[in-house]
Amino acid sequence: MTTSTTRLTVAQALVRFLTAQYTERDGRRQRLIGATWGIFGHGNVAGLGQALVEYAGAMPFHQGRNEQAMVHAAVGYARQSNRLSAHAVTTSIGPGATNLVTGAALATVNHLPVLLLPGDVFAARPADPVLQQLEVPHAGDVSVNDTLRPVSRYFDRITRPEALIPGALAAMRVLTDPVETGAVTLALPQDVQAEAYDWPEEFFAERVWTVRRPGADPAELAEAVRAVRAARRPVVIAGGGVHHSRAEEALAEFAEATRIPVASTQAGKGSLRHDHPQDVGGVGHTGTATADELARTADLVIGVGTRYTDFTTASGTLFTHPDVRFLNLNIAPFDGHKLAGLPLVADARSGLSELTEALIVHGYEAADSYVTEYTEDKERWEQRVDACFEADEPDVRPTQPQVLGVLDALVDESDILVNAAGSLPGDLHRLWRTRSHDQYHLEYGYSCMGYEIPAAIGVKLAAPGRKVWALVGDGTYLMMPTEIVTAVQEGVAIKILLVQNHGYASIGGLSESVGGERFATAYRFTADDGTYTGAPLPVDLAANAASLGIRVLRAKTVRDLRAALAEARAADTPTCVYVETETSDTVSGAPPAQAWWDVPVAETATRSSAVKARELYERHVSTRRRHL
């Protein structure tokens, strides 16, 4: 039998292949690779650049300004698409490729799919070295793209045309695997990209990758039911896996049937609406007093789709009940066994539905006294949130919580908030009242400064009818404002809330608490003693944003802010609201941390601040517990 072939370059074949890949879950089918982002240089312009022109009608393209930012945009798109659709990112060799590393790490840490297509040095080595090539005297087959290996869930260097076939198929397998997904890298030598080959037509046939929903093992499910039935003070910790699985309704049904309270990690916030009777808010170092007290006294912690990071566990100090046990519902066995827990390895939706059904049969539900306790505690916490949001004097500069309060009063369930780093994640986790399952988009697995603006573009591309806000502090804005140009160019109507507090507010507070005395965390002129304690820098971030083409609204007071945010929300073009916040200690801010976080303090020091910080640190460390 003769196999029909088509002669194309490697780059052309790859792009054509990508246009024919689909995912399917719950009977819904969508394109796997929805678009490609790119910045062109000599390492990809003649290969992938030409191929993207060749297939421009079939593969949408977005022009980026920074390679890391392009990955962030792709990650935002993938998360908003529930990991069922992703974007590809192509760069040249050299610095273009190495700029991908941070974005790749972010994607892999958060289990979010992105396809990276960096150019690579010549496979045939006709000239050695070429421009931007890293020479490694002891290894001729190493290039800068090897820096992507540890941050990629799959890596392949396509050194011959025919090697693309197994490499591309393996890449799709990993991108669509709910356990293994993350950054996937196909490094493409620039000569191989342009080389022609006779490709079998079957390679370009439409291919559907089914995203599975495995159910629980019967024995594990039975053990889980026994554990829940024996618990008197159970609490659920909802992680990002709830959202990835679209298990929010299943979680609500579980909570309503059992009356077990549900706390959430940063990635899991919004798993229940803020006003759901069983929702008790964020848990851990940035959590609410209600959720953290429940965690301290819980005899069973039911983790659903969580990795149990140190922010969630308060660095091993949060779960203090002497008989506490863990039940971990997770699609990844690696996470299912954490904290010596009982594993319930399954898709979050499937596992929750099975567990709910089994518990209903047994008539299990939490005691009335327990429900009354956490309900009253939640009401008290909500009163604290109201106090933080309240702004009695509309003609004064707002605090950061008051900024969030103004936004909270304005948005509805259609709005999406994107944030990643600085002091805002803590305030948002404790205070924000989430109205829909995907309103709260916090990237806190890697907590990467600079993520917010490009990720908001990706989110908006995935949800064009929604209002998408990038909440950005001055520190993270200065890291990566470049994609404002992309938003303006492509008419992606994101809304940027730019908060100016003159420095790294979050790390400044941490520095003070660990004896660092806020050294080099403020954006100020240096003083005679070498510290950054002079006047604030005369940097006009609003003018900077405007110079990139975005419309900017300046707000000096609470009253101004209300008007500016309302105007921005109604805008159909990219719009930025700039506000300088009040940071005086005399002004009410967000509640302090309700649980500890381990940042080691100098064991020896001469300055009293560090000595006192070490004493406090040792007291906290003494409460750490290993759950075995």
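Residues numbered from 1 in each chain as written. Predicted model: local features only at pLDDT ≥ 70, side-chain atom pairs only at ≥ 80, totals over all residues. Heavy atoms only, no water.

K.L.:
Is there a simple way to explain the nonpolar core in this structure?
P.N.:
For soluble globular proteins, nonpolar side chains are generally found buried alongside one another. By size, the foremost hydrophobic cluster in this structure holds 47 residues, and its most contacted members are Val-89, Leu-116 and Ile-496. If sequence neighbours within four positions are ignored, Ile-496 has contacts with Ile-453, Ala-470, Val-472, Ile-484, Ile-550, Thr-575, Cys-576 and Val-577. (Core = buried A, V, L, I, M, F, W, Y, C linked by side-chain atoms within 4.5 Å. Buried < 20%, exposed > 50% of the residue type's maximum accessible area, 1.4 Å probe, protein only. Contact = heavy atoms within 4.5 Å.)

K.L.:
Is there a simple way to think about the sheet that holds strand 13 (residues 262-264) in this case?
P.N.:
One key point about sheets: their strands pair by backbone hydrogen bonds, in either a parallel or an antiparallel sense. Across the sheet, which stays open at both edges, the 6 strands sit in the order 14-13-12-15-16-17 with parallel pairing between neighbours. Edge strands, defined here as strands with exactly one partner in the open sheet, are strand 14 (279-282) and strand 17 (342-345). Direction aside, the axes of adjacent strands within the sheet are offset by 20° on average. For strand 16 (residues 325-330) and strand 17, the ladder comprises 4 bridges, and the chain directions are parallel. Of the residues in strand 17, the one forming a bridge with Asn-328 is Pro-343. (Pairing = 2+ DSSP bridges. Helix = DSSP H or I, 4+ residues; strand = E, 2+ residues; numbered from the N terminus. Axes fitted to C-alpha atoms, helices over the stretch in contact; angles between N-to-C directions.)

K.L.:
Is there a simple way to explain the sheet that holds strand 18 (residues 415-419) in this structure?
P.N.:
With respect to topology, 6 strands assemble into an open sheet ordered 19-18-20-21-23-22, the strand pairing being parallel. Looking at which strands have only one partner, the edges of the open sheet turn out to be strand 19 (440-442) and strand 22 (551-555). On average, each strand axis in the sheet is inclined to that of its neighbour by 20°, with strand direction left out of account. In terms of strand pairing, strand 20 (residues 467-473) meets strand 21 (residues 495-500) through 5 bridges, oriented parallel. Residue Gly-473 lies in a different strand from strand 21, and its bridge partner there is Val-499. Here helix 23 (residues 558-570) sits on the sheet and contacts strand 18, strand 20, strand 21, strand 22 and strand 23 (575-580); the angle it forms with strand 22, its principal contact strand, is near 160°.

K.L.:
I would appreciate a short explanation of the pattern of salt bridges in the present structure.
P.N.:
If the charged atoms of two oppositely charged side chains come close together, the side chains can form a pair. If you walk through the whole model with that rule in mind, you get 36 salt bridges. Asp-377 is the partner of Arg-380 in a salt bridge, and the nearest nitrogen-oxygen pair spans 2.1 Å. Residue Arg-380 and its partner Asp-377 are both found in helix 15 (residues 368-389); the two are separated by 3 residues, about one turn of the helix. Judged by its relative accessible area of 45%, Arg-380 falls in the partly exposed class. In this structure, the salt-bridge partner of Asp-598 is Arg-624, at a minimum N-O distance of 2.5 Å. Of this pair, Asp-598 sits in the loop between strand 23 and helix 24 (608-621) while Arg-624 sits in the segment after helix 24, placing them 26 residues apart in sequence. For Asp-598, a relative accessible area of 19% corresponds to the buried category. (Salt bridge = Lys/Arg side-chain N within 4 Å of Asp/Glu carboxyl O.)

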